[in-house]
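Chains, contacts and geometry: an overview
The primary structure of each chain is shown beneath.
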Amino acid sequence: MNNDREAIARWQRMLARYSDENYFFLVRNYLGPVGTPFHKPTLTARLTNFFLNDLNQERIVALIDDDDAMILTAVHLMRTPCENDILDLFRDDYPYAELQRRIVNLEERLLLLPAEDRKGLSAVAVNPLLETRLEKEIFSLTSLFCGESSDRERHPSPALVTENILRGYLNLIVQGQVSDSAAMEARLYASAPMEGMFPTIEPDRVPKLFVMLRKLLEFLQVVAASPDGRHTVSRRSCDALLNLNDRAVTLLLLSAAFTRIVRNANGNADLTSTYGSCGRLAVDFLALANALPPFSRKSYDRLMRILARRNGLSFSVEIADGFLDALLVLGIMDNVSDSGADMGYQVTETARRLFLQNDDEQLTSPLTVDSDCTVSYSGSRRNSCGTSEDLLYLIGEVRQVDVLCRYEITRQSFRHALDYGLSFEEIAGYLEKASANRLPTHLVQMMGEWYAAYHSVRIYDGIVVCCDTRMTRIIDQHPQLQPYIVQRIQEGVYLFSRREEARWRLLLQTAGADMLPKTIQEEMWRTRPNAARLSANVRQQDEIEETGLSLLMIMEQAPQTLNGTRAPASGFSLTAKRLEPWTRPRFLEEIAQAIDRLHLDGTDAEEMDSRFRSSLLLVPQQVVRQRLYTGLLSASGFDFRGKLNLCKSAVGKDDMILEVRIYDNDEEKNILLQAKELMYPTSQDAMLRGIVLPTMEERTIPVSRMFLVKRQRLSLLGGHYCEENRNLHHSIS
Amino acid sequence: MGDRPLIIQSDHTMLLDVHSPDAGSCRDDIIAFSELVKSPEHVHTFAISALSLWNATSAGLSVADIETRLQRWSRFDIPESVGFYIKETAGRFGTIVMTLPIDPSDESHYLLKVTIPRYAKEIQARNQLAKLLTANGDDTFLLDRYQRGEVKLQLVKLGFPVDDRIPLTHGEPVPCRLKERTGTGKSFKPRDYQLLAADALIGDGGPGTGYGTIVLPCGSGKTIVGMEIMSRLSTRTLILTTNVAAVHQWIAEIRDKTDLSADQVGEYTGEKKEIKPITVCTYQVLTWRPDKEGDFPHLRLLKDGNWGLIIYDEVHMLPAPVFKVTAELQAVFRVGLTATLIREDGREDEVFSLVGPKRFDVPWGELESKGWIAEASCHEIRIPLPAELEIPYALANKREKYRIASENPLKMDVIRELFRRHPDDFILVIGQYIDQLQQVAKEFKLPLITGTTSNAKRDELFSRFRNGKQRILVVSKVANFAIDLPDASVAIQISGTFGSRQEEAQRLGRILRPKERSSNFYSLVTRYSTEEEFAANRQKFLAEQGYSYHIEVWR
């Protein structure tokens, strides 16, 4: 009931947005002649009743043909598109003039009304009194997206980026395997060991996926590239990231990918709001595409155009290409082939399943630390450590991310963990707590040895080296190290040359300190003005500040985008139902008979016929003698006066256009013209200056050269159409 | 589902939770179509490979059977890719069949029948294969009989297993039975797993059986498995092994545990050239040739000996020329024996194709828990490098570094301490560098066996060790394989061949014969040196078998 009341209130607000001229046109069309004095609230109430009437609604719906259904579905999905959004969406399906006519016709039939919440724009929305019914009976994704049969060759479905893949990838970063050199990165990801590590990801997708993943994680400030090319992870962000469920991870990555693409296409877009819009778009996309059978590229473009409009994002072919690439690389969508022929796209089975499963279907299991130093687990590690962090990606080396994920604790992986600030106690404590069985003594002993080796040398600030007795002996006597020692501060404490750090580090390593630690407080000296790397570093920091987006910020400010709801919160209840082909409803006979009984002639008959063909007549009560349009609707041939009058009547009326047929360069052409000025009228000729739609080119045409002129509505929405949409028209052309 | 013991990975490996109550049944079910890769303490890894699937299908297991077994034990959904792989790969077996020619008088050819035309075209398009085959109609080919192995090998490399339906030829009969009481009067009976291993190899005696590799831990009695197979086939047998001492051991075992008479068993080595119904020879003598370009004169023994059974002991050591001849011996029953199917040259696949696929494998830990091999404790003792060697070490190249670390003189103190720690054990000191071994021998006044020690001297020293007259031996890598020293209970590895996993396992194997006392394996490693890294690599195979090293730091 509340919904009804709300719909009626919306409908009435929408009606109030019409100009008087258009309002009374609509009232007269549906309610018949109205006498003066006018009382608009009464008229509105009568019109409301007319549209609430079940029989009338039934007839309105019966008159909606397949093309109408397609346009109405699009408007419903876009929520409040401008007329030009609709024109743009279907420009390849209909000639411009026809499409224009169809939209105006839907406005005249009060299926589309001026959107209440987009003041100043010629935005439309579906009639709120009919929307629920249309949703059930008319709106169909199939009509809009040319759904294909779903009987396709079955291939293994591509893997999505799951929590476990992310953990494995973060581990590669921690292990120093990720480089920002594109060539090195491509080589690494194309290598056979990588296939072994991530066997669920198709080998040819691995390089693309991981390069994209790096960029996205950098974008979200989970990973940072230092000026020396190394990548480091932010532990806080990783912890937050690895606590997201797989659905949230997918949404996050998709939203971030879309945001990057929009940001690249439109440099000054505000990142936070763009992320919000992209997040909603991602959710909407998954909801809609999930309901669709395989769809073509054209349908994909249309879907993205609709969703971009729906979520207030600009759309371009480049953006659609970028989105498509992201969807394919992230494994959310894949190509469909039929006997080897490319048939389009579909949401992958894994993505479908992900958005259907319950959160608690992601089982967790403890770690198994085996005697060969492998650490394995199945399912999710999310929240499985209680309040403690997930440290596995810092401690081990990823070996395999599959049904069972396996890591191996090695000397080097242990060193990296220590470099990230973990202590022996933390590492051993974590393994002990997270594993189902007792830690192998051998592993604990080895870690103890590695820990001792790691602490045989400490490097502070990149230049001060403190060593134990053994390393002191080596440093004191190693001839190749001497040139790099700037000063012996005291026994076992040296000042080394910063410039040559890489070389003396290597010498120390080969001399028996292969667990050489990272410099302590490395970040601090980097901010000092005299550091060689300062400028690059500052630049990087500026960039981070400029991006203004981070995972932690998203989690704080827009947690709803990560809530990983089971059914994406899109508000769509559309399905890919197939509508029955439209057939002419029987009640039209009744209307036709009523028209016949009226015995109209001349322009009256022409006008009634036009209303009938335009589906504006629903009940016989509408069939009464009255003139709704002023002047002639069309004039042709030698009727110069008629053509001139039509042109004259259209001049300066922004909601009217002229469809003019002329010979242009020996070719018959139909053009749509918005009349601006009639010049030099004489009894023989006159010049009509107008704007050609949709190119917005200005032309002056002698009326005598027009052999057909038709006057028709451009819009029922008011007089600001042309100016507001000039730019949009340019984009269409 | 949550309690099921098996996890199937997308890369066709399967992980068995050994603590599950159903682990044993599951293992019995899956071993028919997979291979054991590693078996550490908690999770054992099995791999489904093309060869393991073809073995299974050749033994009569269908794709549906395999799928049913996987579904029965799998804890999670079976990855789609695994299902596809099994169907696609296992389905290939039986599409190419090798048989005797239709014309029984044709004694120089075999027939290869290809049931799928696309495969026939693919085979013809491969030069390597086309030159070995003569088309005989659209879907059949003839091949020379001596090319049987080569054709099979090339086809397997292409991904087409050959269903070899040509029965193996039974060699000249040589009656042979295992005795119930050994020559020394002890009662004797092969153990269950030894019988199972022989069963697995011989199968039902039909096509596709009678050849293969048996993988059993060192000290678990592979020789007995060989002899069990000999007794079942009772035919002329050639046994190939790694060195003369091992030849002597085989001969002694055969005499001790079979009813074969002494004159039925011959030795074919550098020293003796006897060809008897049962002949034991070394790989070395077979691959000896007078000059680099010349022929291998003794390889004839392999080809022309009219053998009914060939046993390749330590098959992972099979040298390349023997591979070549083995390819021509596809009609002969053959068995490979090894503890570690790790070949440093990566030719494991050729062992599988030519000698035969792995037919039997059992985790080391399982035999240890049943007492069939000795319980062994592994220790890694980390020793500091003396201060005077720190700088030479720092300045050395990688190879020299390893040598400096390996020959760390402080290891001598550790050896002394270990001798003191094990006053009653029989001890082997095993090393890589002769100089170092000589120093040890000299320092402790111990006998040394190296490659240059004469066979007679080696036999004598091993014999003294076996009968308790010599408690400690210093040995080089010549003692890595095939030397049976039942009472050895302590091995001290003072240096090794870089990161060789196989060597580490074989050396541990020297002390795995079951005995009253438990065994101890010590690996001496220089602390903070490259030897630590190599040692970690060496230990991998054993770690994968469930052994773990106790680390001690020498101060």
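Scoring rules and cut-offs
- Residues numbered from 1 in each chain as written.
- Chains lettered and ligands numbered in written order.
- Predicted model: local features only at pLDDT ≥ 70, side-chain atom pairs only at ≥ 80, totals over all residues.
- Heavy atoms only, no water.
- Buried < 20%, exposed > 50% of the residue type's maximum accessible area, 1.4 Å probe, protein only.
- Helix = DSSP H or I, 4+ residues; strand = E, 2+ residues; numbered from the N terminus.
- Pairing = 2+ DSSP bridges.
- Contact = heavy atoms within 4.5 Å.
- Buried area = accessible area lost by both parts, 1.4 Å probe.
- Salt bridge = Lys/Arg side-chain N within 4 Å of Asp/Glu carboxyl O.
- Nonpolar A, V, L, I, M, F, W, Y, C, P; charged D, E, K, R; others polar.
- Axes fitted to C-alpha atoms, helices over the stretch in contact; angles between N-to-C directions.
- pLDDT = per-residue confidence, 0-100.
- Parallel < 35°, antiparallel > 145°, perpendicular 65-115°, else oblique.
- Left-handed = near helix turned anticlockwise from the far one by under 90°.
- Domains from an automatic or database assignment.
- Polar contact = N/O pair within 3.5 Å; in protein donor to acceptor, adjacent residues only side chain to side chain.

Looking at the pairing of strand E15 (residues 333-338) of chain B
All names here are of chain B. The element E15 is largely enclosed, with a buried count of six among its six residues. Of the two faces of E15, both are covered, the one formed by Phe 333, Val 335 and Leu 337 as well as the one formed by Arg 334, Gly 336 and Thr 338. For strand E14 (residues 309-313) and E15, the ladder comprises five bridges, and the chain directions are parallel. Residue pairing across strands places Tyr 312 opposite Gly 336, the latter belonging to E15.

Here's the deal with the interface of chain A and chain B
The interface is formed by 38 residues belonging to chain A together with 38 residues belonging to chain B. Between chain A and chain B the total buried area reaches about 3,300 Å² when both faces are included, carbon and sulfur atoms providing 53% of it. Our enumeration of links across chain A and chain B arrives at five salt bridges. Across the pair A:Asp372 and B:Lys38 runs a salt bridge whose closest N-O atoms are separated by 2.8 Å. Elements that contribute at least two residues to the side of chain A that touches chain B include exactly strand E7 (368-369), strand E8 (374-378), strand E10 (404-408), helix H23 (441-454) and helix H24 (469-477) of chain A. With six residues, H23(A) is the largest single contributor of residues to the side of chain A that touches chain B. Looking at side-chain class alone, the side of chain A that touches chain B contains eleven nonpolar, 17 polar and ten charged residues.

Details of the environment of A:Leu418
Residues and elements named next belong to chain A. Locating Leu 418 in the fold gives a position in helix H21 (residues 411-419). When the C-alpha positions of Leu 418 and Met 515 are compared, they lie 9.9 Å apart, and in sequence the two are 97 residues distant. When neighbours within four sequence positions are excluded, Leu 418 is seen to be in contact with Ser 423, Phe 424, Ile 427, Tyr 451 and Tyr 454.

Points about the sheet that holds strand E13 (residues 485-490) of chain A
Residues and elements named next belong to chain A. Spatially, four strands are ordered E11-E12-E14-E13 in an open sheet, and the strand pairing comes out antiparallel. Each end of this open sheet is capped by a strand with a single partner; those strands are strand E11 (457-460) and E13. Adjacent strand axes in the sheet meet at a mean angle of 25° when their direction is disregarded. Direction of pairing for E11 relative to strand E12 (residues 464-467): antiparallel, over a ladder of four bridges. When the sheet's bridge partners are listed, Val 457 is paired in E12 with Cys 467.

Let's talk about the confidence of the model for chain A
All names here are of chain A. Per-residue confidence for chain A gives a mean pLDDT of 82, with 85% of residues at or over 70. The least confident element of chain A, judged by mean pLDDT, is helix H27 (residues 534-547) at 40; the most confident is strand E9 (residues 397-400) at 95. This model gives residues 524-546 a pLDDT under 50, and the stretch forms 28 contacts once residues within four places in sequence are excluded. Counting interchain partners and residues more than four positions distant, the pLDDT-below-50 stretch residues 719-733 has 34 contacts.

Overview of the packing of helix H13 (residues 206-219) of chain A against helix H18 (residues 317-329) of chain A
All names here are of chain A. For the pair H13 and H18, the least separation of the axes is 10 Å and the interaxial angle reads 115°. When the interaxial angle is binned, H13 and H18 end up roughly perpendicular. Crossing handedness for the pair H13 and H18: left-handed. Within the contact between the two elements, H13 uses Lys 208, Leu 209 and Met 212 and H18 uses Asp 325, Ala 326 and Val 329.

Considerations on the domain arrangement of chain B
All names here are of chain B. In terms of domains, chain B is made up of domain 1 (6-90), domain 2 (102-164), domain 3 (192-362) and domain 4 (369-553). Computed over C-alpha atoms, the centres of domain 3 and domain 4 are 28 Å apart. Contact with domain 3, which involves 23 residues of that partner, is made by 22 residues of domain 4. For the pair domain 3 and domain 4, the summed buried area comes to about 1,900 Å², and 54% of that belongs to carbon and sulfur atoms. Linking domain 3 with domain 4 are zero salt bridges, by the criterion used here. Summed over the shared surface of domain 3 and domain 4, the result is seven residue pairs in polar contact (both at pLDDT 80 or more). The dominant element in the side of domain 3 that touches domain 4, judged by the number of residues it contributes, is helix H10 (residues 244-257), at five residues.

Regarding the environment of A:Ser634
All names here are of chain A. Mapped onto the fold, Ser 634 is located in strand E15 (residues 634-636). Classification of Ser 634 as partly exposed rests on a relative accessible area of 29%. Here Ser 634 is in contact with Glu 606, Leu 646, Val 709 and Lys 710, once residues within four sequence places are set aside.

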